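Here is how the chains run, residue by residue.
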Amino acid sequence: MLMPSPASRISALKPSPIRILSEGAPPDAIPLGLGEPTWALPEPARRALADTSGICAYGPNMGLPELRRAVAAWHGVQADEVIITSGSSGALFSLFQAYLEPGDQVLIPDPAFPVYEALALMCGAEARPFALNAADRFRLDATAFEAVLEASPRARLALVNAPSNPTGGGARLEDLARIARACEARGVLLISDEVYRDLHFGVRPPTLRDVTSNGIVVTSVSKGWGAPGLRVGWAVGDPKVLAQLRIVHGYAVTAAAQPAQKAALALIEASGTVLPAAREEIRIRFEALREALAAELGQRIEAPDGTFYHFMALPEAALADPWGFCVRLRDEAKVVLVPGQVFGPGGRAHARLSFAASPEQIREGVRRLAPHWTVPHGSPA
Ligand SMILES: Cc1ncc(COP(=O)(O)O)c(C=O)c1O
């Protein structure tokens, strides 16, 4: 049969390399690849999901009013400044679709969550990477941002993500403020992806809302509230921008699933216990990682500004082919790490280790990695 060919704007895309690595792993491999909580879904969400009384309607495009009110209170804004989406992914996809013309430019961090570039390509737009500051624990760097913005005459959107996937690096308030000012001066819509903001190690990272009421904040219950499978997120910002987002998201998926929105509401109402418990889960896991790296590799590490990611410098011998190195780690050492190059050229000398796994898995994973970090030349045995 003659196969229809895919749209040209899709043909450059492949499934996420993070998924490819994880799905191809041997069954006994230690999973330090995927970025999702591995602790139990908090009780309030389980209770809400178990309640099957009532009807299961589509619900409003903008999300359940009671959830919008709870999210608005959480962010200190009005309910009309909130739209509920299918994860923060639903908000990001819809904003890109709503605001980008083919040929437009989008500023994204390097390294960054690979979805940003894919979303730009799906709009026929060009991703313009700006470097995170590798010398300052991969924090956001306003000077690098301003230089790339200056050199991007067709910029329409810009994205910041702090704390960052894959580095865990945060943002200083003054850098966020400079980036917001630069975008406002150019009429560029700034999106701040804050999905990891509540997974920190003592100091809550800043939000875009600390420096401006412009721009859009996106986040979800997937990380701090421990519920990625609910697929509930939201965007916060000017209702006029949200009206455009709603058009795309409404036509794409109608609304986030109702039972999931109710469970998300229960989680947000229980934030006072759910979020500190999640931070305790990542603190325990980070301690396991810190001790294992010190014992097995003699490496000393500090906690990231947030997230459950350790951006680990690769051994010299892996630099010629980081992807091949990580594939061999997966298949031979039986531990999954994601090569930093899949997050952009700025990640090439590192691998992302997700310490969302259990402390036992982290300890065993580092034991398995250790021989490959000390091999002076060539590939892992
Ligand atoms: C930086 C970042 N943004 C957004 C997402 C998407 O999360 P969700 O759609 O579950 O909210 C992820 C998931 O890994 C992420 O790491």
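In the block above lies the structure referred to throughout.
Trainee: Lay out the pairing of strand β8 (residues 233-236) with the relevant residues and their values.
Mentor: Covered by surrounding structure in β8 are G233 and A235 together with W234 and V236, the residues of both alternating faces. In terms of strand pairing, strand β7 (residues 216-220) meets β8 through 4 bridges, oriented antiparallel. Its bridge partner being in β8, V217 is matched across the sheet by V236.

Trainee: Quick rundown of the packing of helix α5 (residues 87-99) against helix α9 (residues 239-253)? Include the residues and the values.
Mentor: Interhelical geometry of α5 versus α9 gives an angle of 100° and a closest axis separation of 8 Å. Regarding the angle of α5 to α9, the classification is roughly perpendicular. Here α5 contributes G90, A91, F93, S94, L95, Q97, A98 and Y99 to the contact with α9, which in turn contributes K240, V241, Q244, L245, V248 and H249. Residues of the contact of α5 with α9, tallied by class, amount to 8 nonpolar, 5 polar and 1 charged.

Trainee: Before we move on, can you summarise the sheet that holds strand β9 (residues 309-313) with the specific residues and values?
Mentor: Taken together, 3 strands build an open sheet; the order of strands is β9-β12-β11 and the sheet is antiparallel. The open sheet has two edge strands with one neighbour each: β9 and β11 (338-339). When β11 meets strand β12 (residues 350-354), the two strands line up antiparallel, connected through 2 bridges. Across the sheet, residue P339 finds its bridge partner in β12, namely A351.

About the cut-offs
Residues numbered from 1 in each chain as written. Predicted model: local features only at pLDDT ≥ 70, side-chain atom pairs only at ≥ 80, totals over all residues. Heavy atoms only, no water. Buried < 20%, exposed > 50% of the residue type's maximum accessible area, 1.4 Å probe, protein only. Helix = DSSP H or I, 4+ residues; strand = E, 2+ residues; numbered from the N terminus. Pairing = 2+ DSSP bridges. Axes fitted to C-alpha atoms, helices over the stretch in contact; angles between N-to-C directions. Parallel < 35°, antiparallel > 145°, perpendicular 65-115°, else oblique. Contact = heavy atoms within 4.5 Å. Nonpolar A, V, L, I, M, F, W, Y, C, P; charged D, E, K, R; others polar.

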